[in-house]
Amino acid sequence: MFELKERDGLARICELTTPHGKVTTPVLLPVVNPNFRTIAPSEMREKMGVQMIITNSYIIRSTGALRERAEKSGVHDLLGFDGPIMTDSGTFQNYVYGDVRVDPREIVRFQASVGADVGTILDVFSEPRFTREETEAAVEETLKRARESVDDRGKMLLAGTVQGGIYPDLRERCAKEISKLDFAVHPIGGVVPLLENYRFKDLVEVIIASKKGLNPSRPVHLFGAGHPMIFPLAVLLGCDMFDSASYAKYAREDRMMYPTGTRFLADLHDLACHCPSCSRTSVEELKKMPPEERTKRLAEHNLFACLTEIENVKNAIHEGSMWELVEMRARAHPALLEALKVLSKHKQFLEASEPASRRGAFFYCGPESYERPTVMRYQENYFSRYRKRDAKVLVGFPEAQKPYSRTYWPIMSKILAKVDAAFVVVSFFGPVPIELDEYYPIPQSVIPEALDAEVKEKINRMMERHAHQHGYPLAVIWDGEETLRFLEDIVGGGPKDLDLDLLRCRAVLDMQFGRGAGDILDGKKVEMIKSPRTGKIRNVIIDGAHALSMRAGDGRFTLKLEGGKLLVKVLPSPSMRVKTDDEPAGFAAKGNNVFAKFVLECDPGIRPGDDVLIVNTKDELAAVGRALMTPDEMKSFKRGVAVRVKDSPD
Ligand code: GUN
Ligand code: ZN
């Protein structure tokens, strides 16, 4: 069982239940070679907080003494590790040495018989250098073996590997086909040569293509990825599990791992680390140590470096700062930066898992920040959902202190005293109508004043698009008092009273729930309860009923049941709806959360964090709540809450 606990886009914190207990992902499984142990597995568990390890069943099976002991008392006893153990199958040995002779079904049965918690099929390693034909053959044989051996797993969870070399369509096909079978984990295989050669750009394409085909309710293991440099990027793309022999392999070569890269011990002036291994010893002492002892110490350091970076990633998921972490880490190596830039090609795909808003602010980390799905989402919604207010002229303001409406209110009042005008700010995110100045991510962003030239260029292009589409008879850029005189002479007309609060409610409704949602205010008596301290809208009362609450954190609405009732009328099905059978809908109406397994259908436009309408099969509103999953996840997960109910009839 795999349960979603927390997320930031495709990056997620989940709980995987195995026969030897639960594991929190993202997780790193250190590789334990059953023949020689650089660090004892028991020590990893007790002193380093390692949750789960991976070992090789093919090596155990082909080494007499190991096989005997494993068959007699199990792999946990053999390795001296009482937590969950994953086993691999010999695929990698076949790739490296080429002489693995074992039956694909037999090796799966062997893994189950020695009590592995997670076993792996004998997939065919699809090398990046393979031709398309060779890759197709590897995929077909992998799928054939997957189908044949899936029922040999016994009580063990089984991992069905995605192969497909560097051909995105073959990766996606393999992922789709293998997802149809009853696997518990899906590794992405055949990527070690990409990792070894810093081909991170190709790795990104491989992961994304695989994720597109995979069932989102299953954990994804990136086979052979064990360098801290790659964890943030891989987790951002939806990888949950990693395994590493690198911590020991690098140690044997006197190399130390850091989130920013690898260093030879010989080149180091200071260790720049205070892990339990490094804080005991100076760099000089390490250099002089007998090789075997030094290898152990460096292996410990390397493993700590990996585990620490996994924890950094988990913090970033909690905080909603995965993009910031990935963009910062991308500076460690040009190949990582290149890989980051590839993500902009896949914005549409990434946007589908992008949260509606985040707790933390949008931090600008460089020109790549403009390519985040959040920026695209704002722009797309602005152009497709926002409805402009009729006015004689549009006045554009330059970027200024946020919230813009407070900064520009004195100027706006002067203009409105003379002519009826609408206002827009030329921001980093593109055109921001003044009434959207509290809407995520506009004020929840920290952007430097001096922007990179390529970003300025992109903003200019966005404003050109706006200029073509805004539809006002006249538009001017505010340039001081002179603009005011110009407006007076050219436009004329009388003063205009602007109800910014009402404008804000309508615009936020349209942006958040879809064009037309703002119509729920039409012809109604609308009252606002505002914060006495900040002056911000808190509650919106429509015809005497509390319908909406505006969140100070992201400027979006929390739906009350009354608001839901109004929205169901103006938004055509399936907009913003999560549909369940009548019985679970009845539970929701009593205030119970909606579990994923009860979701029948939902609006494909729903995003995690959206306020949604829970309806029964007759499209009657049962309750309103907050979506915690994407539509695909709601349909795939068998466990966990899809919608947290926020308001219900009783
Ligand atoms: N270890 C590293 N790469 C692979 C792979 O592609 N398949 C399996 N089974 N193990 C691996
Ligand atoms: Zn260290």
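Here, every reference points to the structure presented above.
Fair warning: this is a prediction, and the values are worked out from it, not measured in the lab.

S.K.: Help me out: how do you make sense of the overall build of the protein in this one?
M.R.: If you tally the helices and strands in the protein, you get 24 helices and 29 strands. Its C-alpha atoms give the protein principal-axis dimensions of about 95 × 60 × 50 Å. Per-residue burial over the protein gives 58% buried out of 650 residues. The long-range share in the protein, meaning contacts at least 24 apart out of those at least 6 apart in sequence, stands at 69%. Of the roughly 26,800 Å² of accessible surface on the protein, 50% is carried by carbon and sulfur atoms. Positive and negative charge centroids in the protein, built from 91 and 93 side chains respectively, lie 2 Å apart.

S.K.: Where do I start with the packing of helix α13 (residues 291-319) against helix α14 (residues 322-329) in this structure?
M.R.: Each pair of packed helices can be described by the angle between their axes along with the distance between the axes. Where α13 meets α14, the closest approach of the two axes is 8 Å, and the angle between their N-to-C directions is 140 degrees. The angle between the axes of α13 and α14 places the two elements in the oblique class. Between α13, through E309, N312, V313, A316 and I317, and α14, the contact on the second element is made entirely by M322, L325 and R329.

S.K.: Can you help me understand the sheet that holds strand β2 (residues 11-18) in this one?
M.R.: Through backbone hydrogen bonds, the strands of a sheet pair up, either in parallel or in antiparallel fashion. Across the sheet, 3 strands lie side by side as β1-β2-β3; this open sheet has antiparallel pairing. Each edge of the open sheet carries a strand with a single partner, namely β1 (2-8) and β3 (21-25). Direction aside, the axes of adjacent strands within the sheet are offset by 15 degrees on average. Two strands pair when backbone bridges link them, and β2 and β3 are joined in this way by 5 bridges, in the antiparallel orientation. Residue pairing across strands places C14 opposite T25, the latter belonging to β3.

S.K.: Help me out: how do you make sense of the site of ligand 1 in this one?
M.R.: Lining the immediate surroundings of ligand 1 are D88, S89, T91, F92, T120, D123, F125, Q163, G189, G190, V192 and F223. A distance of 2.8 Å is found between an oxygen atom of ligand 1 and a backbone nitrogen or oxygen belonging to G190. For ligand 1, whose unbound accessible area comes to 280 Å², protein coverage reaches 97%. Split by residue class, the shell around ligand 1 holds 4 nonpolar, 6 polar and 2 charged.

S.K.: Please clarify how the state of the cysteines should be interpreted in this entry.
M.R.: As used in these notes, a disulfide is a covalent bond between sulfur atoms, one from each of two cysteines. For the structure on display, the rule yields 0 disulfides. In this structure C174 is not part of a disulfide, and its nearest cysteine sulfur, from C239, lies 15 Å away. In this structure C174 comes out as buried when scored by relative accessible area, which is 0%. Here C239 is not disulfide-linked; the sulfur of C14 is the nearest cysteine sulfur, at 12 Å.

S.K.: Explain the pattern of salt bridges here, please?
M.R.: Proximity of charged atoms lets side chains of opposite charge pair with each other. Considering all chains together, one arrives at 63 salt bridges under this definition. A salt bridge links E633 to R7; its shortest N-O distance comes to 2.6 Å. Of this pair, E633 sits in helix α24 (residues 631-636) while R7 sits in strand β1, placing them 626 residues apart in sequence. Where D240 meets R12, a salt bridge forms, and the shortest distance between an N and an O atom there is 2.8 Å. With a gap of 228 residues between them, D240 in the loop between α10 (231-236) and β11 (241-244) and R12 in strand β2 connect regions that are remote in the sequence. Across the pair, exposure class does not vary: D240 and R12 are buried alike.

S.K.: Would you take a moment to explain the coordination of the zinc ion (ligand 2) for this structure?
M.R.: Around a metal, the ideal angle is 109.5 degrees if four donors adopt a tetrahedral arrangement and 90 or 180 degrees if six donors adopt an octahedral arrangement. The protein atoms that coordinate the zinc ion (ligand 2) are C273 (SG), C275 (SG), C278 (SG) and H301 (ND1), at distances of 2.1 to 2.3 Å. Considering all 4 donor atoms around the zinc ion (ligand 2), the spread of angles at the metal, 98 to 126 degrees, places the coordination shape in the tetrahedral class. Mapped onto the sequence, the donors of the zinc ion (ligand 2) take the spacing C-x1-C-x2-C-x22-H. For C275, a relative accessible area of 8% corresponds to the buried category.

S.K.: What exactly am I supposed to notice about the sheet that holds strand β24 (residues 577-580) here?
M.R.: Strands sit in the order β25-β29-β28-β27-β24-β26 across an open sheet of 6 strands; the sheet is mixed. Bordering the open sheet on either side are β25 (594-595) and β26 (599-602), each of which pairs with just one other strand. Two elements, β25 and strand β29 (residues 641-647), share 2 bridges in a ladder whose sense is antiparallel. Within the sheet, the bridge partner assigned to V594 lies in β29 and is V643. Of the strands in this sheet, β24, β25, β27 (611-615), β28 (621-627) and β29 are in contact with helix α23 (residues 582-589), which crosses β28 at around 75 degrees.

Reading guide: rules and limits
Residues numbered from 1 in each chain as written. Chains lettered and ligands numbered in written order. Predicted model: local features only at pLDDT ≥ 70, side-chain atom pairs only at ≥ 80, totals over all residues. Heavy atoms only, no water. Helix = DSSP H or I, 4+ residues; strand = E, 2+ residues; numbered from the N terminus. Buried < 20%, exposed > 50% of the residue type's maximum accessible area, 1.4 Å probe, protein only. Contact = heavy atoms within 4.5 Å. Areas by Shrake-Rupley, 256 points an atom, 1.4 Å probe, with all protein chains shown as cover. Lys, Arg positive; Asp, Glu negative; His and termini not counted. Charge placed at Lys NZ, Arg CZ, Asp CG, Glu CD. Axes fitted to C-alpha atoms, helices over the stretch in contact; angles between N-to-C directions. Parallel < 35°, antiparallel > 145°, perpendicular 65-115°, else oblique. Pairing = 2+ DSSP bridges. Near = heavy atom within 4 Å. Polar contact = N/O pair within 3.5 Å; in protein donor to acceptor, adjacent residues only side chain to side chain. Nonpolar A, V, L, I, M, F, W, Y, C, P; charged D, E, K, R; others polar. Disulfide = S-S within 2.5 Å. Salt bridge = Lys/Arg side-chain N within 4 Å of Asp/Glu carboxyl O. Donors = N, O, S within 2.8 Å, 3.2 Å for Na, K, Ca; no water. Tetrahedral: all angles 85-135°; square planar, octahedral: opposite > 155°, others 65-115°.

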